Amino acid sequence: MDTLLTAEIYANSPRFRRRSSTFVDAIHDLPEKEEMAPAQLYSTESGRLFHSGRIVIATVGLPARGKTHISVAVARYLRWLGVKTHVFHLGDYRRATLGPGKDVPDDYFFLNASPQSVLLRNKILKKCREDIYHFLEHENGQVAIYDAVNAISNGRKSLAKEFAKHNVQTLFIESHCTDERIIQENVRNVKISSPDYQGWSDEDAIADYLARINSRIPHFETMEEPELHWIKMINAGERVVVNNCAFGYLSQRIVFYLLNLHIKSRQTYFARAGTTREEDSYKADASLSTEGLDYAKKMSDTLLKHREQERESIIAQGGPDNQLKPLTVWTSTRRRTVETSNYLAEKGYRVRQRSQMSQMNPGVCEKMSERRIREEYPQEVTKHEADPYHHRYPRAESYHDLAVRMEPIILELEREQNDLLIIAHESVLRVLYGYLMACNAADIPKLEFPRDEIIEIIPSSYNNVAKRIHIPDLPDRIIPGSPEDLKMPVPPSGTVSPFSGLGTPSGTMTPAGVAQPLTLRKTHINPSE
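Residues numbered from 1 in each chain as written. Predicted model: local features only at pLDDT ≥ 70, side-chain atom pairs only at ≥ 80, totals over all residues. Heavy atoms only, no water.

A. Representation of the packing of aromatic side chains within the structure. This structure, assessed with the given rule, holds seven aromatic pairs. Considering the side-chain rings of Tyr 77 and Tyr 257, the 4.4 Å spacing of their centres and the 10° angle between planes classify their relative orientation as stacked. Taken as a pair, Tyr 77 in helix H2 (residues 67–81) and Tyr 257 in helix H8 (residues 249–260) lie far apart in primary sequence, 180 residues in all. Tyr 257 shares its class with Tyr 77; the two are buried. Ring geometry for Trp 80 and Tyr 435: centres 5.4 Å apart, planes at 85°, overall edge-to-face. In this pair, Trp 80 sits in helix H2 while Tyr 435 sits in helix H16 (residues 426–436), placing the two residues 355 residues apart along the sequence. Here the guanidinium or amino end of Arg 354 rests over the ring plane of Trp 330, the centre of that ring lying 5.4 Å away. (Phe/Tyr/Trp six-rings, centres within 6.5 Å; stacked < 30°, edge-to-face > 60°. Helix = DSSP H or I, 4+ residues; strand = E, 2+ residues; numbered from the N terminus. Buried < 20%, exposed > 50% of the residue type's maximum accessible area, 1.4 Å probe, protein only. Lys NZ or Arg CZ within 6 Å of the ring centre and 35° of its normal.)

Structure below.
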């Protein structure tokens, strides 16, 4: 029984919290099931991959340097690979220990705090460390990410020694910023992303956060310890310094990922390709139909109008009068996606084709109706019902195959600094959405992207949020997916997921852009979709 927290606070602690919002990513839910890992290459009896033992990643850096953003991004990537990972934000433990509506003591963040504040800090730290050890030792956890300031060199050395006693390697990641523009942007984002400032005015939130920063600056010591394993990211990835970090394959994957990561703000949009003259054919690679060309123009106009409205809204709320970020468009090499982007290309937007983003190959089931699939491949349909994510029809691809194929796209997605529109087949959008929103693999085949909506992924340091942009005046017949889809109910996976039951990022938008409750959907069985 926990001796530090009351029963009420214990029930609200980060270990027991579950997210209920369908449009907030699930990165802070505990990865309790193996199937949380969409691109998992293989599994082991222990649940720990790559023969790398257990690792604690500890962040280092002053406030507003992007530590939480890096923590969440690394967790998202590792869980995508199948590494059982969880983020332990020390700030979450502070909020849970204090309880709702209670402020920290005035000197809590100061090095020379009062004995009462020091006792409170040690109490919070003890609970966080206990949960880290429990995750690693009793839940087959492999990587625990300890998100805290860790400002003092001696404290970092002691931390590494403490974890080493439990046969746990420690890797420090420091976010070091000398560019005032990055710091100011991070401070502005605090009002949106930090749970500390819910309900605060912008001015009060920024003033309080700047006071926290100033209290830490005189005592902060940057990473220089030669005996420790550390990675220093300077100015949001402009330079990366690596010291040691050679204790296994997994540590090298983390370094490689960080070389591709930046923490600058950027929006990502998902849109379906337009309809074609041979909608149910994979091999034909058909051109857009007349309705498909009309859709491409309406989708593009809707997105451009939305981006300008978002800019005007930021200015109206007192934000900076900045120009919109450049918009880059990605498509596959298939005609339908390329031709959907032509309207934007004619307006001068950069379009890049990615062969890895081609839709799943349906194999022998191409152009087959629901009745024929059931009659000719009843055993395959049964297998697909049991596991629609990993199952592949004869000579076809599975969603797992697609996720593995798209890993280079995911790394390039992390490198992209412009706003990004991805025009792709629904199967590709499902996998990319699953990565960005930390979806359960079992839920990815159930995601639906109606053609009358653009999905916008809004990143923040703590989590990603998705919302829908409605495309008006489209004929109803082109909004659903393929008419050959074989649909049947599939029970919920029972695992932690951003979707309640059989959720999907579909529906309507309110004028303010607030996501409405989602309708339940059925899963697709036809591999062509």
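What follows continues from the structure just given.
B. Representation of the side chain of Arg 336 within the structure. You can see Arg 336 is positioned in helix H10 (residues 335–340). By relative accessible area, which is 10% here, Arg 336 ends up buried. Side-chain polar atoms of Arg 336 contact the backbone oxygen of Gly 274, separated by 3.3 Å. (Polar contact = N/O pair within 3.5 Å; in protein donor to acceptor, adjacent residues only side chain to side chain.)

C. Quick look at the pairing of strand S11 (residues 453–458). The element S11 is largely enclosed, with a buried count of five among its six residues. Looking at chain direction, strand S7 (residues 268–272) and S11 are connected through three bridges and run antiparallel. Looking at S11, one finds that Tyr 269 is bridged to Glu 456. Note that S11 and strand S12 (residues 465–470) share six bridges and pair antiparallel. The residue bridging Ile 455 from the neighbouring strand is Arg 468, located in S12. (Pairing = 2+ DSSP bridges.)

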